[in-house]
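# Fold and geometry: a report
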Amino acid sequence: MVAKKGGNRGGEDAEEELKREPLQAILLADSFATKFRPITLERPKVLLPLVNVPMIDYTLAWLESAGVEEVFVFCCAHSKQVMDYLKNSKWFAQPNFAVSTIESHNSISAGDALRLIYERHVISGDFILVTGDTVSNMPLTQALKEHKERRRKDNNAVMTIVIKQSKPSSITNQSRLGTEELFMAIDPDKKQLLYYEDKADDHKGTISLDKALLMDNASISLHNDKQDCYIDICSPEVLSLFTDNFDYQHLRRHFVKGLLLDDIMGYKIFTHEIHSSYAARIDNYRSYDTISKDIIQRWTYPLVPDVQFFGNCATKLERRGMYRASEVGLSRSAQIGPFTVIGNGTSIGSNTEISDSVVGEDCVIGSNVSIEGCYIWNNVTVEDGCKLKHAIVCDGVIMKSGAVLEPGAVLSFKVVVGQQFIVPAYSKVSLLQQPVKQDSDEELEYADNSSGIIGIPSISSIPEKLNDQFSTKLSDSQRRAGSEVGDGGVGFIWSLGEGGHEEEWRHSVAPIPADRLVEIIKTATDALEISNQDGNFLPPSGELEPDSVDNDSDEDARDDYSYFEKEVEATFLRAVHENVKEDHIILEVNSLRLSYNLTSTDCAGALFYSMMKLASDTPHDTPGELVKNVATVITKWKKLLKDYLTSIDEEIEVILKFEEMCLESTKEYTPLFVQVLHLLYNEDVIQEKSILDWASEKEEAEESDKLFLKQAEKFIQWLNEASEEED
Amino acid sequence: MEPARGMDFQVVVLAGGFSKSLVPLVSKEVPKALLPVANRPVLSYVLNLLEQNNVTDLIVVVEGETAALSASSWISKTYIDRLHVEVAAVPEDVGTAGALRAIDHRLTAKDILVVSGDLVCDVPPGAVAAAHRRHDAVVTALLCSAPVSGPSDSGSSGAKDKAKKPGRYNIIALDPTKQFLLHIAAGAEVEKDIRVQKSILRAVSQMEIRSDLMDAHMYAFKRSVLQDVLNQKETFQSLRRDVLPYLVRSQLRSELMSNGVQSDENGNSKDAMQNSKILPSQLLANESTPSFHELYALGPDGSASITRKTHKCCVYIANKSNYCARLNSIQAFSDINRDVVGVANHLSGYSFSAQNNIIHPSAVLGSKTTVGPQCVLGDGSQMGDKCSVKKSVIGRHCRIGSNVKVVSSVIMDHVTIGDGCSIQGSVICSNVQLQERVILKDCQVGAGFVVTAGSEYKAESLAKKERP
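Since the model is a prediction, treat every value here as computed from it, not as a measurement. (Residues numbered from 1 in each chain as written. Chains lettered and ligands numbered in written order. Predicted model: local features only at pLDDT ≥ 70, side-chain atom pairs only at ≥ 80, totals over all residues. Heavy atoms only, no water.)

This next bit is on the overall build of chain B. Secondary structure summary: chain B contains 11 helices and 33 strands in total. Summarising the internal contacts of chain B: among those between residues at least 6 apart in sequence, 55% fall at separations of at least 24. (Helix = DSSP H or I, 4+ residues; strand = E, 2+ residues; numbered from the N terminus. Contact = heavy atoms within 4.5 Å.)

Next comes the structure, spelled out in structure tokens:
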């Protein structure tokens, strides 16, 4: 399929380039999320079996087949387990495929990981960035070629993200992969990504696109039907960008959005859409379920159970999508339904029915058991008469006779469910107690739903300790936990997260209940109704009720700005008192600017404000001394200020800011307006043109607003005459 | 094909009145509709277009009594025995929606075709009507590519450095099949952000936002819907700015047809519930694939658990080779005059000479006077010796002296031009007198004005003081 006959010279060059540098990939073996808890408290997500094979093997097998030559596996949570697994696997022994690990104990986000990798100086050219929970069979050649060609023309094209058409329904994202709906704007010709909204920030009924986007692009495609595969082709700059912007944590929410909003550096992100190949990321239990089914239904070929792509066991594909390993003890009366995988060494009792499920190795399934849509890992014992529906059952679990798992249940490692006990829907059971909220202060900082941390040392060390002390501790916890999961059971039922049931069903392996489905769609409609109601009164133009929406955001913006101003002031004062270097202040102010989403004009205004405030706060008796203070401060810091005065606009902003100060906050300056203006002019902070532009702008203002213009009349006249003489 | 009449369309031409943006070209005597394009009132282009498409009955709405009178007398003189035109006068500044509200009682057909009187185009209105009927839309708008201002034309002169300002055109969102209108806003009126409704995007799953299309102001409306909106939304003034965006915005949450007016039209009264039940079979009967509106109305998985009312807003996008422009600014006036004798000369209705120009047989040219290609010289006009005319339109009964240069300009009727004048990129209205050696560049001279000898103007608007 991937016929790449480098017809033109450009193509050949690109291929040559490809050959020169080994193709590298970064595989993040930590999702920096908590969606697979409680399972991930004991085993890292990338080692969880997906159709009886650890997820990371899918990712590595794909990278190898796609021509990647060097992979850096970044391990953080349970790093020892990941490294041990890789050591014992065959991955370290592949020809032309070098796998090495990078370990960290304190990274809490993808951003931290990339900053650490940057410091190691291991990446030499364009690289593939994926997480260890990616299942794909896409060829990379075409995407890489496009990326490199764009790079050669435009050095700012730093990243290409892979997207895929998802099924054409308004709620596909939620019903299929359990992820938030995604809105993207893409230039249809250049494939440049112009807008990205993966999480409805607030439940606004509209998407706001900057009108300026249409200046450069005659046409923009807006998509709600694409899926982000989280496979990125990056240039080395991506790593340094993460280092420069130390507040970037999340790949999409911070990095992608940061670059899209930042029009100063002009970095660009492009998309590559795949059509016939498969790519998806296991983000939560729902996508675990969906992708498992895709694998069983062979969408991911050649990564399917009966093809040995890595030490997995010989499995035979039988009729109706049923896979059976070579040694399965199957009772004659057991019924194995379609799309089911049975692992090696598993025995199944009589009259047991299994359908749409995956059963691991060495499991013992009793008689009269019904298993539907479940994922049963290794060494699980299911006694007679159990009923399991849409559940995940981890290694070593024992279900005593007659126990029932309702849809959405998750049993973590070695849990024992007592006789006849019914595990309620969506409940999660673990031998470990649910961490109390205070245990992880840091988590709160990033715990907005998807980017919590597993990697904090206290937790990641638990499993090791657990293994050591398991024998002694077990009886203890057995006694305490016994009552929670029935007679003779062992395990704690975790209380549900903040969202309670509300959120659980979204990410569960169980299908979305019909009433929820209706609800999702209704919310989509409701959002529209809210936005429309105000629109009905008097839409002044083709726009949606700018008034009603803008009022809020305007106020927010003002609030934001005053916070921003305070923070800039604090930063500046710290710089003054602690003698911080200018470069560092610039870096800090820039990061403030990004986090408040303001422009460099705002920075200029805020910095100038801080300086003038400093001058007026410095003790003085007479206005003359105040002017002296101003002169001292400005002379000392003008270099810093100049850094933000890149154009006339910013300089005018400074004058306007000063006017505002004179009128409102610092009336002391009122009589000194012209003197200070003159000073700024003499110090080359402000050019003559800015002053003249400001003056002409003010010319049209109301009389009351011309106070300072009149004060400065003579100065402006002098400037005018001076410029005329020059002519 | 016999489009408009056979399909029970009523045609309304909104001819405007005394348009402020066209001062000093317009005056009490010459309302916007009668401004000359290649020596013919601009309104004649729309009327001829309709006539060619077999429309014989139409209503022309003019703002202001005086303007209505002059338009009416011109129409009855010109189109006698050809068209049956009713001229309706409405108060000034009521807006396009207001104008239709004022003639509400005259609207009776199932669908209404509303055309702006300042439109100069060659897109058959039948095509718009057909698209409208095909989708059973509530509104169908004609969209054109940005006007062809003759870049293909080798000799066309400057004055086109205005280039592409996105503010000039509309911001329009279409579905991938380019049949449905999902969002519309005037580029100039969007402050900073384009706000697109997520619910519409969800329903259609992909939309294309473009800034290279122009709303040509030719709309087909479902009459009952139009009347409902005009009556219910009393504050709506403009079709383009209020009515159309409103219909587009509410297409998935229709508030229309609630009072059953629409069902009467179809002869079969069906309420909303029945309506949704009939839909699947209707779809099979009418269209091969249902549009996103129907799918949305059906709810998820085709289950009619939630019933929604939707309506369709369609577009007809004119072919790139079609000419389409609106005379709504002075720049547009010059452009259209240039184009109608240039790149779009099939619209002029004249047959051009071998030199690609039109010189009326009764016009008199002095010796060594040249009239270049893409020029028109009206009947009874006289020119002195050694004159040169390039890419310009000169009206009737003008008296032009010797050594006069006219380049890329429009000169209306009864203009007197003295010896040695030079006129470039300008518009000279009727009865103007230019004395000797006047030099004008990019100017507009209002009717009856006198420019004194030897004066020189650049980019100015000259007109008599308005008498109270």
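From this point, the discussion proceeds with the structure in view.
Our focus in this paragraph is the side chain of D225 of chain A. Inspection of the secondary structure puts D225 of chain A in the loop between β12 (219-223) and β13 (226-234). No salt bridge is formed by the buried D225 of chain A. Its closest oppositely charged neighbour is K226 of chain A, at 4.0 Å. Within the structure, the side chain of D225 of chain A is placed 3.2 Å from the side chain of H223 of chain A, a separation counted as a polar contact. Sequence-distant contacts of D225 of chain A, that is, excluding residues within four places in its chain, are made with K164, Q165 and S166 of chain A together with S205 and Q206 of chain B. (Buried < 20%, exposed > 50% of the residue type's maximum accessible area, 1.4 Å probe, protein only. Lys, Arg positive; Asp, Glu negative; His and termini not counted. Salt bridge = Lys/Arg side-chain N within 4 Å of Asp/Glu carboxyl O. Polar contact = N/O pair within 3.5 Å; in protein donor to acceptor, adjacent residues only side chain to side chain.)

Right, let's get into the side chain of T346 of chain A. Residue and element names in this part refer to chain A. Summarising the element assignment, T346 is placed in the loop between β20 (340-342) and β21 (347-348). The buried category is assigned to T346, whose relative accessible area is 1%. Side-chain polar atoms of T346 contact the backbone nitrogen of C363, separated by 3.1 Å. Other than its neighbours up to four places away in sequence, T346 contacts E327, V328, G329, V359, G360, E361, D362, C363 and I365.

Another aspect to go through is the sheet that holds strand β18 (residues 329-330) of chain A. Residues and elements named next belong to chain A. Taken together, the six strands give an open sheet; going across it, the order is β18-β21-β24-β27-β30-β33, and neighbouring strands pair in parallel fashion. Because the sheet does not close on itself, it has two edges, and the strands there are β18 and β33 (416-417). Summarising the sheet, β18 and β21 pair through two bridges and their orientation is parallel. What sits directly across from G329, in β21, is S347. (Pairing = 2+ DSSP bridges.)

For the structure shown, the criterion picks out 20 aromatic pairs over all chains. Between F658 of chain A and F673 of chain A the ring centres are 5.3 Å apart and the planes differ by 10 degrees, which places this aromatic pair in the stacked class. Note that F658 of chain A is positioned in helix α20 (residues 648-663) and F673 of chain A in helix α21 (residues 673-682), a separation of 15 residues in sequence. Looking at F658 of chain A, the relative accessible area reads 1%, which means it is buried. For F673 of chain A, a relative accessible area of 0% puts it in the buried group. Here the aromatic residues F608, F658, Y669, F673, W694 and F708 of chain A are joined through ring pairs into a cluster of three or more. If you follow R40 of chain B out to its NZ or CZ, it ends over the ring of Y45 of chain B, 4.1 Å from the centre. (Phe/Tyr/Trp six-rings, centres within 6.5 Å; stacked < 30°, edge-to-face > 60°. Lys NZ or Arg CZ within 6 Å of the ring centre and 35° of its normal.)

Further remarks concern the sheet that holds strand β6 (residues 127-131) of chain A. Residues and elements named next belong to chain A. Here we have seven strands laid out as an open sheet, ordered β5-β4-β1-β6-β13-β8-β14, and mixed in their pairing. Edge positions in the open sheet fall to β5 (98-103) and β14 (268-274), since each of these has one partner strand only. Strand-to-strand, the axes of this sheet are offset by a mean angle of 30 degrees, without reference to chain direction. When strand β8 (residues 157-165) meets β14, the two strands line up parallel, connected through seven bridges. Counted as the bridge partner of V162 is H272 from β14. (Axes fitted to C-alpha atoms, helices over the stretch in contact; angles between N-to-C directions.)

So, about the nonpolar core. The nonpolar side chains of a soluble globular protein tend to be buried with one another. Residue and element names in this part refer to chain A. One finds I56, L63, V73, I128 and Y288 to be the most contacted residues of the largest nonpolar core, which totals 63 residues. If you tally residues by element for this core, the top one is helix α2 (residues 55-65), at seven residues. Ignoring any residue separated from it by four or fewer positions in sequence, one finds I128 in contact with L23, Q24, A25, I26, L63, V68, L140, I231, D232 and I233. (Core = buried A, V, L, I, M, F, W, Y, C linked by side-chain atoms within 4.5 Å.)

In this section: the packing of helix α3 (residues 95-102) of chain B against helix α7 (residues 239-249) of chain B. Residues and elements named next belong to chain B. α7 packs onto α3 with a crossing angle of 75 degrees between their chain directions and a minimal axis gap of 7 Å. Accordingly, the angle class assigned to the pair α3 and α7 is roughly perpendicular. Note on element contacts: α7 touches α3 through L239, R240 and V243, opposite T96, A97 and L100. Each residue belonging to the contact of α3 with α7 can be placed in one class, and the counts come to four nonpolar, one polar and one charged. (Parallel < 35°, antiparallel > 145°, perpendicular 65-115°, else oblique. Nonpolar A, V, L, I, M, F, W, Y, C, P; charged D, E, K, R; others polar.)

What follows covers a negative patch on the surface. On the surface, a cluster of negative charge is contributed by D649, E697, E699, E700 and E713 of chain A. For D649 of chain A, the location among the structural elements is in helix α20. (Patch = residues over 30% accessible without salt bridge, like charges linked within 9 Å, V, L, I, M, F, W, Y side chains within 5 Å. Areas by Shrake-Rupley, 256 points an atom, 1.4 Å probe, with all protein chains shown as cover. Charge placed at Lys NZ, Arg CZ, Asp CG, Glu CD.)

What follows deals with helix α1 (residues 43-52) of chain B. Summarising burial for α1 of chain B: eight of the 10 residues are buried, a large majority. Those residues of α1 of chain B not exposed but buried are L43, S44, Y45, V46, L47, N48, L49 and L50 of chain B.

Turning our eyes to something else, we now look at the confidence of the model for chain A. All names here are of chain A. Here chain A shows a mean pLDDT of 78. Residues at 70 or above account for 80%. Per-residue pLDDT, averaged within each element of chain A, yields its smallest value for helix α11 (residues 441-446) (37) and its largest for strand β26 (residues 375-376) (94). Note on residues 1-12: pLDDT under 50 across the span, and 10 contacts to partners over four residues away in sequence or across chains. Within the model, the stretch residues 438-479 combines pLDDT values under 50 with 60 contacts to residues more than four positions away or in other chains. (pLDDT = per-residue confidence, 0-100.)

Further remarks concern the state of the cysteines. With the rule as written, the count across this model stands at zero disulfides over all chains. Residue C314 of chain B stays outside any disulfide, its sulfur separated by 7.4 Å from that of C313 of chain B, the closest cysteine. (Disulfide = S-S within 2.5 Å.)

With four of five residues buried, strand β11 (residues 206-210) of chain A is to be regarded as a mostly interior element. In terms of strand pairing, β11 of chain A meets strand β11 (residues 193-197) of chain B through five bridges, oriented antiparallel. When the bridges of β11 of chain B are listed, S208 of chain A appears paired with R195 of chain B.

All names here are of chain A. Tallying each qualifying case throughout the model produces 34 salt bridges over all chains. D112 is the partner of R115 in a salt bridge, and the nearest nitrogen-oxygen pair spans 3.0 Å. One end of the pair, R115, and the other, D112, are both in helix α4 (residues 110-120), three residues apart, so they sit about a helical turn from each other. Residue K226 pairs with E273 through a salt bridge whose shortest N-O separation is 3.1 Å. Taken together, the positions of K226 in strand β13 and E273 in strand β14 put the pair 47 residues apart, joining distant regions of the chain. According to the relative accessible area criterion, K226 is buried, its value standing at 4%. Residue classification places E273 among the partly exposed positions, given a relative accessible area of 24%.

A few words on the confidence of the model for chain B. Residues and elements named next belong to chain B. Averaged over all residues, the pLDDT of chain B equals 80, while 80% of them reach at least 70. Looking across chain B, the model is least confident in helix α8 (residues 261-266), with a mean pLDDT of 37, and most confident in strand β25 (residues 416-417), with 94. Throughout residues 258-288 the model reports pLDDT below 50, and contacts reaching past four residues in sequence, or to other chains, amount to 29 contacts. A low-confidence stretch, residues 301-305 (pLDDT under 50), is modelled with three contacts involving residues beyond four sequence positions or located in other chains.

For a regular strand, the rule is simple: side chains alternate between the two faces of the sheet. All names here are of chain A. Here strand β16 (residues 315-318) pairs with strand β17 (residues 322-325) via four bridges, running antiparallel. Opposite E318, over in β17, you have M322 as the bridge partner. Counting the residues that bridge the hairpin from β16 to β17 gives three residues, and of these R320 lies at a positive phi of roughly 55 degrees. Bridging between β17 and β20 involves three bridges; their strand directions are parallel. Residue pairing across strands places Y323 opposite V341, the latter belonging to β20.

A word on the environment of P91 of chain B. Residue and element names in this part refer to chain B. Note on placement: P91 falls in the loop between β5 (84-90) and α3. Accessibility expressed as a relative area gives 53% for P91, which makes it exposed. It is 7.6 Å that separates the C-alpha atoms of P91 and E65, two residues lying 26 residues apart in sequence.

This part is about unusual backbone geometry. Residue and element names in this part refer to chain A. Backbone torsion omega between R37 and P38 reads 5 degrees, so that peptide bond is classified as cis. Mapped onto the elements of the fold, P38 is located in the loop between β1 (24-28) and β2 (49-50). Geometrically, the link from Y301 to P302 is a cis peptide bond, its omega value of 10 degrees lying close to zero. Along the chain, P302 falls in the loop between α10 (285-296) and β16. One non-glycine residue, N52, lies in positive phi territory at about 70 degrees. Mapped onto the secondary structure, N52 falls in the loop between β2 and β3 (53-54).

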